[in-house]
Amino acid sequence: MKNILLINTGGTFSSRPGDHGLTPELASGDICNLIGEFDPALSIVAEDYCSLDSSNIAPDDWQKLALRIGEKVGFYDGVVLIHGTDTLAYTSSMLSYMLQNIPVPVVVTGSQMPLGVPMSDAADNLRCALQMAASGYGGVFVAFDRKIMLGCRTSKVRTVSFNAFESINYPYIGEVNAFGLHLHLEQAQASGSPFQIQAAYSDRIAVLKLFPGMNPDIFRFLHEHGYEGIYIEGFGLGGVPFLKSDFTAEIRRASRSGLPILVGSQCRYEGSNLNVYETGQRILECGGIPVHDMTYEAVVTKLMWCLGQAKDREAVQQFFQRAITKEVSFS
Ligand code: ASP
């Protein structure tokens, strides 16, 4: 018998139509009743953390969830987290950093249609998440549309289709086929390092999505207003302009004064590489820190997490020069 902890946070999964549209309503007990017993080999304990649309989930929720899950490790064989899909990938990314080398599976899931609605994907996704939670393989995962993905590699890429999530720049960890849940465990190998809960973070960060003609003055504003880290989403392989709008001077000034400036790509797939073009190399020379092939969600949450561990630019750079979990590959 496997003991699984099911934590509900809300989202479409638990929603019902209300006066203002779909609103999370079902509690974990209702969810268990609606699902019924579908695997007698699992003993499920369900609890509610909150009942929120995931647009209302904030970094302090990630911290509280990490601490709550961390204190239950040792009592359960796995954890399933029901979460709204809109910010699910941020939560799964941050939990991957906060719960490093967790020895049991933590599986985040949700659905595109509420549980109990005909044609809903909710029960299916939960079933898949529960099977993964019983698998014995430690780490933070996402279960959705019969796929298992690494939590730190997942992005929501579609708004209404059932295949709303993809594993970005990383293979799926598993999928459900006629033989059941089939895992590609070579992709999920644990590092063997000790489990540690590191739940500190800073939300004093900003993201700049570049557009042609953007004014670099924004850097000065952000720095003067106490922002501790900035992520620039550049063009293509990570290009940042240095002629008519010159970002290099501002990036150099900000980096020299200790503000970490990360640079990646607006393209979702195949990662960034600042070594290829002059528009990338100049940014590296000015102190820009490359994020390689990480997802947007993984970069934003890693920056918050790093700033919870250390404030200085050099320390943040060192964190981004290595993988904390499997969020980045270096080509
Ligand atoms: N708005 C919902 C949420 O993220 C969408 C969903 O769960 O699919 O909470």
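In this text, all values refer to a predicted model and were calculated from it rather than measured experimentally.

Participant: I tried to follow the pattern of salt bridges on my own but got confused; where do I start?
Facilitator: Oppositely charged side chains can form a pair if their charged atoms are brought close together. Applying the stated criterion across every chain, the model contains 15 salt bridges. The shortest N-O distance in the salt bridge between D124 and R127 comes to 3.8 Å. Of this pair, D124 and R127 both sit in helix α4 (residues 122-133), three residues apart, which is roughly one turn of the helix. In this structure R127 comes out as partly exposed when scored by relative accessible area, which is 34%. Of the charged contacts, one joins K311 and E228 as a salt bridge, the two residues approaching to 2.9 Å between their closest N and O atoms. Here the residue K311 occupies a position in the loop between α8 (296-309) and α9 (313-320), and E228 occupies one in the loop between α5 (218-224) and β16 (229-234), the gap between them amounting to 83 residues.

Participant: Explain the environment of L65 here, please?
Facilitator: For L65, the position within the fold is in helix α2 (residues 59-72). Ignoring any residue separated from it by four or fewer positions in sequence, one finds L65 in contact with I7, T9, Y49, L81 and L95.

Participant: When you look at the site of the ligand in this model, what are you seeing that I'm missing?
Facilitator: Around the ligand, the structure places G11, T12, D53, S54, G84, T85, D86, S111 and Q112. With respect to the ligand, the side chain of D53 contributes an N or O atom lying 2.8 Å from a nitrogen atom. At 3.1 Å from an oxygen atom of the ligand is found a main-chain nitrogen or oxygen belonging to S111. Coverage of the ligand by the protein chains reaches 89% of its 260 Å² of free accessible surface. In terms of residue class, the shell around the ligand is made up of no nonpolar, seven polar and two charged.

Participant: Honestly, the pairing of strand β17 (residues 261-265) in this entry has me stumped. Any pointers?
Facilitator: Two faces make up the sheet, and in a regular strand the side chains alternate between them. The element β17 is extensively covered by neighbouring structure, given that five of its five residues are classed as buried. Inspection of the sheet shows β16 paired to β17 by five bridges, in the parallel sense. Its bridge partner being in β17, Y231 is matched across the sheet by L262. Taken together, the two bridges between β17 and strand β18 (residues 289-290) define a ladder with parallel strand orientation. Counterpart to L262 in the pairing with β18 is I289. This β-α-β element, β17 to helix α7 (residues 278-285) to β18, shows right-handed connectivity.

Participant: Could you clarify how one ought to interpret unusual backbone geometry in this entry?
Facilitator: Excluding glycine, residues mostly have negative phi values, and the peptide bonds linking residues are mostly trans. The backbone of N101 shows a phi angle near 60°, a positive value even though the residue is not glycine. Structurally, N101 can be placed in the loop between β6 (99-100) and β7 (105-109). Phi at M119 is positive, roughly 75°, even though this residue is not glycine. Tracing the backbone through its elements, the reader meets M119 in the loop between β7 and α4. M119 gets classed as exposed once you look at its relative accessible area, which sits at 69%.

Participant: Is there a simple way to explain the side chain of R313 in this structure?
Facilitator: Turning to its location among the elements, R313 is positioned in helix α9. You can call R313 buried: its relative accessible area is 8%. Excluding its chain neighbours within four sequence positions, the residues that come into contact with R313 are S255, G258, L259, P260, G287 and I289.

Participant: What is the right way to look at the packing of aromatic side chains in this model?
Facilitator: To describe a pair of aromatic rings, you give the distance between the ring centres and the angle between the ring planes. Counted by the stated rule, this structure contains six aromatic pairs. The interplanar angle of 40° and the centroid separation of 6.1 Å between the aromatic rings of Y97 and W305 together place this pair among those described as tilted. Taken together, the positions of Y97 in helix α3 (residues 88-98) and W305 in helix α8 put the pair 208 residues apart, joining distant regions of the chain. Taken individually, Y97 and W305 each receive the classification buried, so the pair is uniform in this respect. Ring geometry for Y231 and Y296: centres 6.2 Å apart, planes at 35°, overall tilted. Taken together, the positions of Y231 in strand β16 and Y296 in helix α8 put the pair 65 residues apart, joining distant regions of the chain. Through a chain of ring-to-ring contacts, three or more aromatic side chains come together here, namely Y90, Y231 and Y296. The ring of Y227 has R204 lying over it, and the distance from NZ or CZ to the ring centre is 4.5 Å. The ring of F320 is capped by K302, whose NZ or CZ atom sits 4.7 Å from the centre of that ring.

Thresholds applied
Residues numbered from 1 in each chain as written. Predicted model: local features only at pLDDT ≥ 70, side-chain atom pairs only at ≥ 80, totals over all residues. Heavy atoms only, no water. Salt bridge = Lys/Arg side-chain N within 4 Å of Asp/Glu carboxyl O. Helix = DSSP H or I, 4+ residues; strand = E, 2+ residues; numbered from the N terminus. Buried < 20%, exposed > 50% of the residue type's maximum accessible area, 1.4 Å probe, protein only. Contact = heavy atoms within 4.5 Å. Near = heavy atom within 4 Å. Polar contact = N/O pair within 3.5 Å; in protein donor to acceptor, adjacent residues only side chain to side chain. Areas by Shrake-Rupley, 256 points an atom, 1.4 Å probe, with all protein chains shown as cover. Nonpolar A, V, L, I, M, F, W, Y, C, P; charged D, E, K, R; others polar. Pairing = 2+ DSSP bridges. Right-handed = clockwise from strand over helix to strand, strands pointing away. Phe/Tyr/Trp six-rings, centres within 6.5 Å; stacked < 30°, edge-to-face > 60°. Lys NZ or Arg CZ within 6 Å of the ring centre and 35° of its normal.

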